[in-house]
Structures are given as structure tokens and as C-alpha cells.
Amino acid sequence: MSDLILDIQNITKSFPRVIANNKVTFGIKKNSVHAILGENGAGKSTFVKILYGLLEPDEGSIKYNDKFFNVNSPAEARKNGIGMVFQHFSLFESLSVRENLILGIDETMSYSNLEKKLENISSKYNLPLDLDAPITSLSAGEKQRVEIVRILLQDPQILIMDEPTSVLTPQEVESLFVTLNALVKEGRTILYITHKLEEVISICDTVTIMRNGEVIDTSSTSNFTAKSLATKMLGQKLDDLKTSYDHIKDEYNFEVNNISCKFNDPFLTDLKNISFKVRVGEIYGIAGVAGNGQSELMDILTGENVNITSGEIIFNKINIQSLGPQKRRDLSISFVPENRLGHSAVPELSLSENILLSQFPKNNFLKNGIILKNNIDDYANNVIKDFNVITPGNDAKASSLSGGNLQKYVIGREISSNPKMLIISHPTWGIDAGAEHSIRESLIALSQNGTSIIVISQDLDELIEITHKISVIYNGKLSNPFKTNEVEIEKIGLLMGGKDE
Amino acid sequence: MSNFLPTIVSRSQSSNIMNFFVPIIAIVLTLITGSIIFLLLGFDPLYALYTFFISPISSSYGISELLVKATPLALIAIGLAFCFKNNIYNIGAEGQLTMGAIFGGGIGILFHDTNTFWLLPLMIIAGAIGGALWGLIPALLKTKFNTNEILTSLMLVYVALFILDFLVVGPWKDPHGFSFPKSRAFSDSGRMPLLFDGLRVHFGLIITLFLIFISWFVFSKTMLGFQLKVSGFSPKAARYAGFNQTTLIFLAFGICGAFAGIAGLSEVSGPIGLLYRDISPNYGFTAIIVAFLGRLHPLGIIFASLIIALTYLGAEDAQLFLQIPSAVGFIFQGLVLFYLLGAELLINYKLSFKRT
């Protein structure tokens, strides 16, 4: 038994409507990288929160180095040698790296002592840091480095990493893996939470697969391929998606010419001279690490922001730059912004009512300003049926749907009106793999029917899978486009990190 | 480690049934607290509550008085619902009411010796315009200069009251009024017709019910009602949908102001019959309680207006029969609002004495 650093027995945690962890049982070997793999909602986060003292389990026990272990707060967990790097960074944006580090540690420490320790950590684990830089000026990868160093200052035995690569460029991922390997070599244990299969295969020794709150399997990663992991994780097989270039017409119907926008706001990214063109039936991907101007660009593409400094947007030879969202819909352009709850859908309203947020000329939803309830109900029912939305009915509140189902519903609402143009941001952000697959499938099908699509996404795998062309946004500038089936991932990765061609 | 102060934790699901019962719970708690207050004052609580809540409406005269008081409250509250649904906090209905009374009453004074069928409709329209114009000022300030409508609409109440004050002691003072601060009386055709002989309940009640019905229709069946609702729930979704926020703000303030203006006009052309200083016992402010007590729903607002109107009548009876200052009515209004907000909080959140 002594080679297990953590022995988890029958951990159960239920919330009012779901059992998030159901008799979770597995062991983590000392000095290994142990993956917990599962879709969103599989119960990974709940388990980790229990381990880190953020949640209390209803039942079950954890043995840590053969002793029963029960912590009530993250501070206590850290005292016991368990550290965690969260997916969303908890750093003070306006303070410097040094200030963030000293604020983050539980015991008092002098600056000189801190710097001595830092130097040691930085060189040993490949974690270079500029102590005087303010956090705002750092890239996502550098911010994560600060988080890791902050945890390492407390010399943890177990390091929990929650979806650490979700905001990193491919190169930053490489460098993170070097760090993780160095940490393990030293005798530490890493608990690696992810839903990315390739990462499990390439860096982890053992994997625990979770689905619907239960442990499906715990075994050495050498027993798996990415495919067999996926089948286990999902409980079903998914077909490969295929994009083809054959249906794309040699005719551009959407052009963005030299869009620039200055915001005078430190929390927004100015857009600089953005130009691109989309062909009829083409899926155009815009890659990039979060916070490089994606949401600012999206607001301009949807017409929610029409106050740009310069530039024009041409759709079917019409300059639409000054038109608001409804006027653009009248031209058959439809939008799906990143945020479902409160942006593309109103959580407090029913699914039927949510139909009315996005109306196209041929929709027959209104007569003299009076809502035709039967028509929106019919439309909602069709979307629910065609896009396999799981819901008790069209009168269910949007907030009662899972992320994946609501996203299918919102995208279904837009696609069902057969738009000529679809502009969509992060189509599969935070949803389960089943819904993700069906959304990507429907986007590809839509493009084959002659709809041009712009996809803004941080998920590079997604863009590689479904787009025909891809370009990268970095610090408000857009790169040249590349044909997705020809470009090397490394090149996109460099561009995402701000390295020019 | 123990923690003595409870924390407020969101309930994962708020019960719809409990949501429905919030106003009822609030009223029951108000009655209980009221009994305790009466007990501490040395009265038999049952007798005091009877005097306060039952005896005022135990005659047809009492019921008529109840409706007279409930009419402006319900009309203003339904107008406020247009604002509150859109998350616009118009606190200035009292000023819009006053301005409606000034505009409509001004017509009444101008034609004080004319008896003709069009006088009252003209006064009503003028009242609506006056209230709407007064309501559009904070809307303009909010959309142009991003000012907080709570402050501007509230301050405009006092401006309106001073204008009324100025008019009734100055230019509009009744020349035969022995220098009392009041205007001439309106002509008979400038008065709201009475619905029953000998009772004060007047045609304003019919107008109010009609406008409440129209509002219900707008809220539940029209795109305008939908737009107000969406802007209130999530402004970002409204922007995504392409709703014009500026238009919605102007509409909400305009409609609310017009309703309050009509309420003011029906007060002065109904029970009062002329203009003077104290035309409204704070109907414009009390209607805020009515709107929330009625959960911004037309039917709810009708019931809430009756209950709050009763506190006005009860306070008068309490003063007469128990020799308690009539301000006790405000205590009851305050209690209802307090318990309403409290119950609403506890339906969506719970107190937790355990650390999460």
C-alpha cells in the first residue's frame, strides 16, 4: 500500500439535483503524473474541490500517506502539502509579479528570502519570471507560471493542475510539460485534470476516467490510445468529422476591410487594421489565446458595437458597418456570441420566448407588434427536435438546460432560419463532448449548404477540425489566413504566442 | 472552527409556489408585528387590528373610500411596472403625478366657467402629457449624460411640488378664495363623474382598470413588453437582439409619467375638484410599495393597491377611535415592504451557519 500517496475510497457528494461524485474510488501513486479524465460535468472538479478542502464529501474517506485525511479549507490543504493551480487564475491584475507572490503565501517571508527561493525554483523547474512586471502585461502562459511558482514556494507534495492547457499556445504547453516532468523527477506527485486525450497519453502515467460522477476505469496510460480513451470517456463512439473544400464557391460574400477600434480602456484590447475575406460556403476560423481582441472583434461583427475608429464590413456588396444587430439579421446574417446565459439567451425566460431574441425577415413571429405564440412555439419545438435538445418542453426556462443543450438550442435557433452568414464565437465552450460533436457536425453541414461561417475560438483543435481557413488574432492584430489542411500547427502556435512569421 | 455569523447562500432552485406566496407571507408577518406594536401600546391587538383593517371597510361608504384611495395607487404602480420591469428605478412618480395635476388642472382652471363634454377628456390628455413630460426629463438625463435616474427623478418630485406651491399661492390663486392657497374650483364638466350616488368613487376607477388591462396585454402579448422584460433581465441579451435601449428607457418613463399624470389629474378632478398644496398623500411613493407587493403583475398590483389603501383608511380610523397618530399607517406600509423584501431574499437565498 505504501506506494500510494492518496487512497480514495467511496467518495460521494450530491447536490440538490445531481450526484456529482458517486462512490469515487481510486489510488494515486507517489511520484507520478496521474490524470483525471472526463467531460465537463463528469465530476472531476467536484472531486478536486473535495481534495482541496473546498467541499465536504457526504461519504467516503481519503488516506494521504496511509493516514486518514480530512481538510476543511484550502489553507489547511496547503499546510498538508497539497497545492492547486486553478483553471481561472486568481491574481491581482494591477500588482506586480513579486507582490502577487508575497500575497499568495500563507506564512510571512521577507522579500530577500523570497527572492532567494524564487531563483532556485525558477532555474530548477524552467519557470523564468520577471518579478517587476505587472500581471496585466503577462500572457496567459506567464500568468500560469506565476500561479505555479506561488504554489511551489510552499513546497507541496501533491500539485493539482485543473485544465492547465486550456488557455496556452502549443509552445507554452510544451514548456509546461518540461516543468511538470522536472517536478515529478524530484519526487512530487501531480494530479492532472483534463478533458484532452492527447495530453493524457503524452504526459500522464496513470489515468482515472470519470463519467457521470463515477469512476469508469483507472489504469496505466500505456494501455490506451486516444481513441480508446475517448470511447471510455464518452461511453460511445463518435464518427470522425470530415470537411471538404469542394462546395466552396470562388466568390467572397463577406469582407472586413482595415477595421481599427480604439477603446481607451485598459481592460479591452484595441483592434488594429483587421482585414479578412470569407467565401460562400467557407468556414473561416480565428484562433488566438483569450483576451487578444476576440470579444471586441465579435461585438463589431455582430453590430453590438458600431462605433469603430475606421474600416468597413461588406456583406454581399452592402456596407453593413453602421448597422445594428437586427438590421444585419434582416440581411440574413446570424450570430452566436460566446456567452449563453445572459447574452445569446435569457436564462429567466422560456425556450419559446428566447426564440424572439433573434428574428429573421421570413420568421412569422409578430403581427403588428403582437407576439404570435403558436408560431414561436412551433419554431422552438422544431429546434428542440432537429437539434436533439434535451428538455421537458418549450416552456422550460433556458437556465434549466445544461450548457450543451442550451448551446445546441441557441445554435439551432440561428441555423433553422437558414442564414447566408453565421458568425459564432466559441461554439463548444464548456459543453460536453457529445454536444460538441453534434454542434461541429451541424456547422459543417450548414457550410455545405452554402452558408459562410466565421468561427472565433480558443480551441485550436476545434478550428483544425472544422474550418477551411484559419488566421490568428494576437494583441488586436489578425494574421494572414492559412488553408487549414496545409498549415503546420507549430506555425499557428507561434502566431498565437505573438511570434511573427 | 465555528462561525457565529450566518452567510447567505444561493438556493439552487427557488420554489415557484413560494414565490407566489411571498406577498401573503409578508402580510401575515406584518399583521403579527402590528399586533405586537398594538400590544406594547396597551391596546387589545384584536380590537386594534379590527379597527385598523376591518371596520374601515364594513360599509358601502368605506368600500367606496377604499376604491378612491386604491385607484391612484394602482394606476401609478402599473405605470411603475413599465420602468421596474426594465430595471429603471423611477422614484419620481409623485412628481409626475403633481405635474399631471398641474397640466390637467390648469385646463380645468382655464375653463372653470365652461360646461362642455370635451373638457374632462382634454384635462385627462393634458394630465397625461404633463406627467409624461416630467417623466421624460430623467430619461433624457439618463440616456444623454448617464445620470442615475433614482436621484434625478426623486429630485424632480420636489421641483414639481414647488411649482404647484407657487401656482396656488400665485398666479392660479382663487380670486374669491380669501387668500387661501388654492385655485378656483373646476366646472362640473371638469369633474370625474361619480359612479354611485352619494359615494366618492369616481370614473378614474374605470380609467385605471382599463389602463391596467392594456398594460397586461402589453406585458404578456406584445414585442414591446418582451423587450422591456429582456432589457430588465439581461441588457447584454437586449443588445444582442438589437433592441434600442434608449427608446425603451424613454418609453418606460413616458408611459409611467403619463399614468402618474392621469392619476394626479383624476385626484384633482375627482374627490378634490380644484388645485391646492396637498393633493396627494404620497401616492407616488406608496405606489412603489404597491408595485413590488404586486410583483409587477397587473392582478397583483390590483390586490396590493387595495391592501395599501386599507392602511390609509385604517390609520384614519385608528386616529379617531384609538387616538393613535395616523402615522401608524406608514409603519404598516414600511413593515409590509420590509417583510416583502426579506421574504423575497430568503426565497432565493438561505442562511447558512456552516462554512461552505
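Peer 1: Which residues make up the overall build of chain A, and what values go with them?
Peer 2: Within chain A, the secondary structure is distributed over 16 helices and 23 strands. Compactness check: chain A gives a C-alpha radius of gyration of 24 Å against a globular reference of 23 Å for 501 residues, within 12% of the reference. For chain A, the spread of C-alpha atoms along the principal axes amounts to about 70 × 50 × 40 Å. Buried residues in chain A amount to 43% of all 501 residues. Residue pairs in contact within chain A that sit at least 24 positions apart in sequence constitute 70% of those at least 6 positions apart.

Peer 1: Please give an account of the overall build of chain B that cites residues and values.
Peer 2: Looking only at helices and strands, one finds 13 helices and 4 strands in chain B. On C-alpha atoms alone, chain B measures out to a radius of gyration of 22 Å, which is about the 21 Å that the 2.2 N^0.38 rule sets for 356 residues. Overall size of chain B, expressed as C-alpha extent along the three principal axes, is 80 × 60 × 35 Å. By residue count, 49% of the 356 residues in chain B fall in the buried class.

Peer 1: Go over the domain arrangement of chain A, please, and point to the residues and values.
Peer 2: Residues and elements named next belong to chain A. Along its sequence, chain A is organised into domain 1 (4-234) and domain 2 (252-496). Inter-centroid distance (C-alpha atoms) of domain 1 to domain 2 is 33 Å. With 11 residues of domain 1 in contact, the opposing surface of domain 2 contributes 14 residues. Considered class by class, the residues forming the side of domain 1 that touches domain 2 number 4 nonpolar, 6 polar and 1 charged.

Peer 1: Give me the sheet that holds strand β5 (residues 67-69) of chain A: which residues, what numbers.
Peer 2: Residue and element names in this part refer to chain A. Taken in spatial order, the 4 strands line up as β2-β1-β4-β5 in an open sheet, and their pairing is antiparallel. Looking along the sheet, the strands with just one partner apiece sit at the ends: β2 (18-29) and β5. If you compare each strand with its neighbour and ignore which way they point, the axes differ by 25° on average. By the bridge criterion, 8 bridges tie strand β1 (residues 4-15) to β2 in an arrangement that is antiparallel. Following the sheet pairing, Asp7 is matched in β2 by Gly27.

Peer 1: Tell me about the packing of helix α11 (residues 283-293) of chain B against helix α12 (residues 298-322) of chain B, and name the residues and values.
Peer 2: All names here are of chain B. At their nearest, the axes of α11 and α12 sit 8 Å apart, and the two run at 135° to each other. Judged by the inter-axis angle, α11 sits oblique to α12. Viewed along their axes, α11 and α12 form a crossing whose handedness is right-handed. In contact with Thr286, Ile289, Val290, Ala291 and Leu293 of α11, α12 contributes Ile301, Ala304, Ser305 and Ile308. Class assignment for the residues of the contact of α11 with α12 results in 7 nonpolar, 2 polar and no charged.

Peer 1: Describe the pairing of strand β9 (residues 206-211) of chain A, and please don't skip the residues or the numbers.
Peer 2: For β9(A), a buried count of 5 out of 6 residues is recorded, marking the element as mostly surrounded by other parts of the structure. Linking β9(A) back to strand β10 (residues 214-220) of chain A in an antiparallel pair, the connection comprises 2 residues, with A:Asn212 at a positive phi of about 50°.

Peer 1: Describe the environment of A:Asp217, with residues and values.
Peer 2: Residues and elements named next belong to chain A. Summarising the element assignment, Asp217 is placed in strand β10. Taking C-alpha positions, Asp217 is 10.0 Å from Leu37, a pair spaced 180 residues apart along the chain. When near neighbours in sequence (up to four residues on either side) are disregarded, Asp217 contacts Ile209 and Lys232.

Peer 1: How would you sum up the interface of chain A and chain B? Please name residues and give values.
Peer 2: Counting from both sides, the interface comprises 24 residues of chain A and, opposite them, 16 residues of chain B. If you list the elements that add at least two residues to the side of chain A that touches chain B, you get α10 (325-330) and β18 (370-371) of chain A. Taken together, the residues that form the side of chain A that touches chain B break down as 12 nonpolar, 8 polar and 4 charged.

Peer 1: Explain the nonpolar core to me, and be specific about the residues and the numbers.
Peer 2: Residues B:Ile76, B:Ala77, B:Phe259 and B:Val290 are the most contacted members of the largest nonpolar core, which totals 229 residues. Every residue in contact with B:Phe259, bar those within four places of it in the chain, is listed here: B:Leu75, B:Ile76, B:Ile78, B:Gly79 and B:Leu211.

Peer 1: So what's going on with the sheet that holds strand β12 (residues 271-279) of chain A? Which residues, and what values?
Peer 2: An order of β12-β11-β14-β15 (chain A) is seen for the 4 strands of this open sheet, with the pairing classed as antiparallel. Edge positions in the sheet fall to β12 and β15 (318-319) of chain A, since each of these pairs with one other strand and no more.

Peer 1: Lay out α11(B) in plain terms, naming residues and giving numbers.
Peer 2: An α-helical turn contains 3.6 residues, so a residue and the one three or four places further along point in the same direction. All names here are of chain B. The element α11 is extensively covered by neighbouring structure, given that 9 of its 11 residues are classed as buried. The complete set of buried residues in α11 reads Tyr283, Gly284, Thr286, Ala287, Ile289, Val290, Ala291, Phe292 and Leu293. Downstream of α11 by a residue or two, Arg295 has a phi angle that is positive, lying close to 55°.

Peer 1: So what's going on with unusual backbone geometry? Residues and values would help.
Peer 2: Not every positive phi belongs to a glycine, and A:Asp155 is a case in point at roughly 55°. For A:Asp155, a count of 12 C-beta atoms within 10 Å corresponds to the exposed category. Phi at B:Gln323 takes a positive value of approximately 55°, unusual for a residue other than glycine.

Peer 1: I'd like a rundown of the confidence of the model for chain B, residues and numbers included.
Peer 2: Residues and elements named next belong to chain B. Per-residue pLDDT for chain B averages 91, and the proportion of residues at 70 or more is 96%. Considering each helix and strand of chain B separately, the mean pLDDT is smallest for strand β1 (residues 7-10), with a value of 72, and largest for helix α5 (residues 119-145), with 97. On the interface metric, ipTM, the complex scores 0.82, and its pTM is 0.80.

Peer 1: I'd like to hear about the confidence of the model for chain A, residue by residue, with values.
Peer 2: On average, residues of chain A score 89 in pLDDT, and 98% of them reach the 70 mark or higher. Strand β20 (residues 452-456) of chain A holds the highest mean pLDDT among the elements of chain A, 97, whereas helix α8 (residues 226-234) of chain A holds the lowest, 83.

Peer 1: Mind laying out the environment of A:Asp299, listing which residues take part and the relevant values?
Peer 2: The topology assignment puts A:Asp299 in helix α9 (residues 294-302). Sequence-wise, A:Asp299 and A:Ser219 are 80 residues apart; in three dimensions their C-alpha atoms are separated by 46 Å.

Peer 1: Before we move on, could you go through the environment of A:Ile473 and cite the residues and values that matter?
Peer 2: Residue and element names in this part refer to chain A. With respect to the secondary-structure elements, Ile473 resides in strand β21 (residues 469-474). Counting along the chain gives 185 residues from Ile473 to Gly288, while the straight-line C-alpha distance between them is 5.1 Å. Ile473 has contacts with Ile286, Gly288, Asn292, Gly293, Gln294, Leu297 and Leu478, leaving out every residue within four places of it along the chain.

Rules used throughout
- Residues numbered from 1 in each chain as written.
- Chains lettered and ligands numbered in written order.
- Predicted model: local features only at pLDDT ≥ 70, side-chain atom pairs only at ≥ 80, totals over all residues.
- Helix = DSSP H or I, 4+ residues; strand = E, 2+ residues; numbered from the N terminus.
- Rg over C-alpha atoms; globule rule 2.2 N^0.38 Å.
- Buried ≥ 20, exposed ≤ 12 C-beta atoms within 10 Å, placed from the backbone.
- Contact = placed C-beta atoms within 7 Å.
- Domains from an automatic or database assignment.
- Nonpolar A, V, L, I, M, F, W, Y, C, P; charged D, E, K, R; others polar.
- Pairing = 2+ DSSP bridges.
- Axes fitted to C-alpha atoms, helices over the stretch in contact; angles between N-to-C directions.
- Parallel < 35°, antiparallel > 145°, perpendicular 65-115°, else oblique.
- Left-handed = near helix turned anticlockwise from the far one by under 90°.
- Core = buried A, V, L, I, M, F, W, Y, C linked by C-beta atoms within 7 Å.
- pLDDT = per-residue confidence, 0-100.

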